[in-house]
Amino acid sequence: MFESLIGLVAIIALFVIILRQQSRIGLIERELGALRSLVLSGVHVAPPQAKPVEQVADDSMPADAAIAAVTDVAPPSAGEAEEKPSTEVEAGEVASGPWAAGEAAPAGSAPAQLAATAKAAQKPDIETALGTRWAVWVGGIALALGGLFLIRYTIEAGIFGPGVRLSMAAMLGLVLVAVGEFIRRTGFRVPVQGVAGAYIPAILTAAGAFILFGTVHAAHGVYGFIGPALAFTLLGAIGVATIAAALVHGQALAGIGLLGAVVTPMLVASQAPNPWALFGYLAIVLAATGVIARLRDWKLLMAAAFVGTGLWTILYMTDAPGTNLPVILFINAVTLAVLALIWLGRRGGEAEPARGFDWPSIAPGFFVGLSAMALFVDPAYTAGDALPGAALIAALVAVALHRPLALALLHAAGLATVLVYLGIIPPTSVASDFSGGALGVDGLPATVSDTLMLRIGIFLGLVFIGAGFWTARKFAASAHIRAASWAAWGVIAPLVILLALWFTFGNLDRDLVYAAAAALLVVVFAVGGEWIARGEEPPLQGGAAVSSALGGAAVAALLMVYMAFGSGWTTILLGAAAIVPALATRWRAYPVLGWISVGAVMAVLGRVAFDPTIVGAEFLSTTPVFNWLLPGYGVPALAFGFAAWQLAHTTNGRPRLAMEAGATLFALLTVAILVRHAMHGGVIDTAAATLAEQAIYTLIAIGAGAILVAIDMRSPSSVLRYGSLAAGVVSVAFIVIQHFLALNPLFTDESTGRIPVFNLLFLAYLLPAAAAGGLALYTRDVRPKWYASMLALVAALLAFAYATLSVRRLFKGEFIGLWSGLGQLETYTYSALWLIIGVALLTAGVWLKSQVLRIASAALISVAVLKVFLFDMSELEGVLRALSFIGLGAVLIGIGLFYQRLLTRAAREKLQTSNS
């Protein structure tokens, strides 16, 4: 049963490893086939810029085979070409299978022959594939399984004793390895294109390694002939030797050896496992794999070795009954040393690349960062202190600093630091128990002292600031992404540490000590950003690294204000702070400066959304206008306006438009919030809005639209243009939803006031009608036609509503709810009034040349006609009914005469124009 399982694993592993090489093998085969065609055609072609021989041998075949392949296609001498032309052509004919009759290719141009050969290389026939590739692969698997099955048969048949059977199996494995080496040394090659992937020496060596692994494991685990120490040593030696053999047999064999070496500790059980022996062995395997992978530049092999070592580390930390801190530190130190000194070590005379990213370093970054977090939060490791975890994070930063290609280590160190320090905040503390096999968030604080976490936080913050800004300056001119990454972590990690320490150990109401620390970070980040900018090429461009540093300074300033001041002054100072980066654009044209001002707008918006009262409802004065709301909303509005003006004179980009929008918004909010405060006796967050209050909001919105249009006409801006349109649309929405429906005194029966003219109807309908009409007239030539038409129509409807409701108030008094009924005289008055308004709208439309007003007049008169015929006929009696119809008829005839004269005059003017 066990042998069958090993056979199944062998089949799967062998197929996976070999199939992953086929795409790269096929590419090399096609290149060699094309080169052979050109050589045999006798055409002189300049050699392409190909990889060196050792790179050609990278993953497809060993170095000797690659050299032989390149030598095999070397151009023959002139004498040889003249003596054996036909023989060479026949030898190069590989398009057909090995048993197919070859035909000489027709003579033609070199490009045609090259295309034909490339096509043949891309589409090998099935016969060649079966006879040269699959036969070798399946044969290698069969040999490996055959050895295992032979051992099984001898066991079942009882032919030999266990010792003899194991000796025979070991000899078979050694023979396969020796045969593979013999074939490699003799230089045997199949002269058929497309069989480089079926490299027989590597297949035989892999089969022999499988058999040797199985033999040693059976000798220990099945029969007990050898102890765990010897079995461990033999299995490890076989694995390391297989990895070493990959130098001449290819990366696939190295993968098989690495897999066996990593699995070896699981195959050998021990009553008293020694962690030093385990991780010492893994360190040797990792170092040996690193050397071989570095020689051949095998990234996949190196990444697999890091993953295997990391998995063993995490498995030990989660499942081991006891914890050994020195062992954990040892294997993580070895991992970083192999990465820095072996895998990324520079060869003689080789310069450090200015760009690039080493993706295998992601694995050690992840596992070492995870180990560092465990040393911070796992009670099994933090019983003494958290210094080992801090040391691992510092080591990650140091290796990333020493090997710039290992940028993944910087990200791992930064993420580990951020997660650890966010975890000490009591509401969201990360509590992990690696020794118990759990990792989660359950609200428990980290098991370290307050003073120690404070000191470690200061230390790590200094590490990130120093390394981050120094490296960002170093690469600011050559590698922008790398410089930005270092600068970003140079500000993110210290800011998170400061925030976490303040939330955990500081005074959330006001803490001047932490505010001073935040102010120090502001200075450091700002000076660091300027220092990085001077290292750019050309200098002072304000690239991504500079933006990260200055953005960090802005966030630090935000924290400083929150830590040092109360809620009222915080809002005011945040708004005023938008001026600082805007003024800085006078000396530096960094793109980030304008966006920092925009960030101040967002910060103030968030602050007032959290608490619209600025200082809290219980501390807000009831005095109208002169209270905390005026500076809390007004100062940011003025500051944003000044910042927009300043940006318009310097950078004049999108931040300027955003600041204009912010200034406009806060100007409106200032007036609106003061109105609400005054009309509700100092309460702005509980009482429902009234029609009078809503009328003021509507007038503010219409007035804001007019102001934006006026400013835009003097200083054109897309924000002002679209902002004015938005203000008009919002005001119309207020009117339709609130004035006509939700807060209409007809439906709410709200008091309209006792004063005859200057009452609620005057404020809520007549004044907005005049304002909307005036804005429509003002914008008819400077805004889209639909905008002016919309405002004109709403103005007409408001005037109609005012007149109608005023009639209702004349008859019903202060309260005009619909449920109080209609009288005959009131009904007649509505008909007369609507006809008068219709005529007035018609006159205004003709005078102002407004089609909208003329259409509104026609609509209103149509409503009056329907009312007279459908309502007045049945509801009115006597003289009122007669007067209703007489008045309607007179108005309609008058309108008809008016239009006839108007059309006649227009026709006469047109005729005179055509005659002249």
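Fair warning: this is a prediction, and the values are worked out from it, not measured in the lab. (Residues numbered from 1 in each chain as written. Predicted model: local features only at pLDDT ≥ 70, side-chain atom pairs only at ≥ 80, totals over all residues. Heavy atoms only, no water.)

Details of the overall build of the protein
Then step 1. A tally of helices and strands in the protein yields 36 helices and 2 strands.
Then step 2. Residue burial in the protein is summarised as follows: out of 916 residues, 46% are buried.
Then step 3. Counting every atom, the protein has about 43600 Å² of accessible surface; 70% of that belongs to carbon and sulfur. (Helix = DSSP H or I, 4+ residues; strand = E, 2+ residues; numbered from the N terminus. Buried < 20%, exposed > 50% of the residue type's maximum accessible area, 1.4 Å probe, protein only. Areas by Shrake-Rupley, 256 points an atom, 1.4 Å probe, with all protein chains shown as cover.)

Some thoughts on the environment of Trp486
Then step 1. The topology assignment puts Trp486 in helix H21 (residues 480–505).
Then step 2. Distance from Trp486 to His411, taken between C-alpha atoms, is 9.0 Å for residues 75 residues apart in sequence.
Then step 3. If we skip the residues at most four places from it in the chain, Trp486 touches Val397, Ala400, Leu401, Leu407, Leu410, Ala467, Gly468, Thr471 and Ala472. (Contact = heavy atoms within 4.5 Å.)

Remarks on the pattern of salt bridges
Then step 1. Taken as a whole and judged by the stated rule, the model has 8 salt bridges.
Then step 2. For the salt bridge of Glu660 with Arg656, the shortest nitrogen-to-oxygen distance reads 2.7 Å. Pair noted here: Glu660 and Arg656 are both in helix H28 (residues 654–679), with a separation of 4 residues, about one helical turn. Comparing Glu660 with Arg656 shows no difference in burial state: the two are buried.
Then step 3. Close ionic contact of Asp712 with Arg783 constitutes a salt bridge, the shortest N to O distance being 3.1 Å. Here Arg783 lies in the loop between helix H32 (760–779) and helix H33 (785–812) and Asp712 lies in helix H29 (residues 691–714), a separation of 71 residues in the sequence.
Then step 4. Using a relative accessible area of 8% as the deciding quantity, one classes Asp712 as buried.
Then step 5. Classification of Arg783 by relative accessible area gives buried; the value is 9%.
Then step 6. Salt bridges sharing common partners tie together Glu530, Arg534 and Arg588. (Salt bridge = Lys/Arg side-chain N within 4 Å of Asp/Glu carboxyl O.)

Overview of the packing of H21 against helix H23 (residues 544–564)
Then step 1. It is the contact of H21 with H23, at a shortest axis distance of 7 Å, that shows an interaxial angle of 10°. If you check the angle between H21 and H23, you find them roughly parallel. Handedness of the H21/H23 crossing: left-handed. Residues Ala483, Ala484, Ala487, Ala488, Val491, Leu495, Leu498, Leu499 and Trp502 of H21 touch H23, and the partners they reach there are Ala544, Ala545, Ser548, Ala549, Gly552, Val555, Ala556, Leu559, Tyr562 and Met563.
Then step 2. Considered class by class, the residues forming the contact of H21 with H23 number 17 nonpolar, 2 polar and no charged. (Axes fitted to C-alpha atoms, helices over the stretch in contact; angles between N-to-C directions. Parallel < 35°, antiparallel > 145°, perpendicular 65-115°, else oblique. Left-handed = near helix turned anticlockwise from the far one by under 90°. Nonpolar A, V, L, I, M, F, W, Y, C, P; charged D, E, K, R; others polar.)

Some details on the packing of aromatic side chains
Then step 1. By the definition in use, this model includes 12 aromatic pairs.
Then step 2. Taking 5.9 Å as the distance between ring centres and 10° as the angle between the ring planes, the aromatic pair formed by Phe469 and Phe525 counts as stacked. With Phe469 in helix H20 (residues 450–475) and Phe525 in helix H22 (residues 512–534), this residue pair connects regions lying 56 residues apart in the sequence.
Then step 3. With a relative accessible area of 6%, Phe469 lands in the buried category.
Then step 4. Seen in terms of ring centroids, Trp569 and Trp628 are 6.1 Å apart; in terms of plane orientation they differ by 85°. Their pairing is edge-to-face. On the criterion of sequence distance, the pair formed by Trp569 in helix H24 (residues 567–576) and Trp628 in the loop between helix H26 (591–610) and helix H27 (629–649) is long-range, its members being 59 residues apart.
Then step 5. In this structure Trp628 comes out as partly exposed when scored by relative accessible area, which is 28%.
Then step 6. Positioned above the aromatic ring of Phe475 is the side chain of Arg482, whose terminal nitrogen or guanidinium carbon lies 4.9 Å from the ring centre.
Then step 7. The ring of Tyr722 carries the charged tip of Arg721 above its face, separated from the ring centre by 5.2 Å. (Phe/Tyr/Trp six-rings, centres within 6.5 Å; stacked < 30°, edge-to-face > 60°. Lys NZ or Arg CZ within 6 Å of the ring centre and 35° of its normal.)

Things to note about the packing of helix H18 (residues 387–402) against helix H19 (residues 407–422)
Then step 1. It is at 8 Å that the axes of H18 and H19 come closest, and there the two elements cross at 155°. In this view, H18 runs roughly antiparallel relative to H19, as classed from their interaxial angle. Of the two possible hands of crossing, H18 and H19 adopt the one that is left-handed. On H19, the residues that touch Ile393, Leu396, Val397, Val399 and Ala400 of H18 are Leu409, Leu410, Ala412, Ala413, Ala416 and Thr417.
Then step 2. A class-by-class count of the residues in the contact of H18 with H19 yields 10 nonpolar, 1 polar and no charged.

A short note on unusual backbone geometry
Then step 1. A cis amide bond, omega -5°, links Glu537 with the succeeding residue Pro538.
Then step 2. Counting through the fold element by element, Pro538 comes out in the loop between H22 and H23.
Then step 3. Look at Val625: it is not a glycine, yet its phi comes out positive at around 70°.
Then step 4. Among the structural elements, Val625 can be located in the loop between H26 and H27.
Then step 5. Judged by relative accessible area, which is 34%, Val625 ranks as partly exposed.

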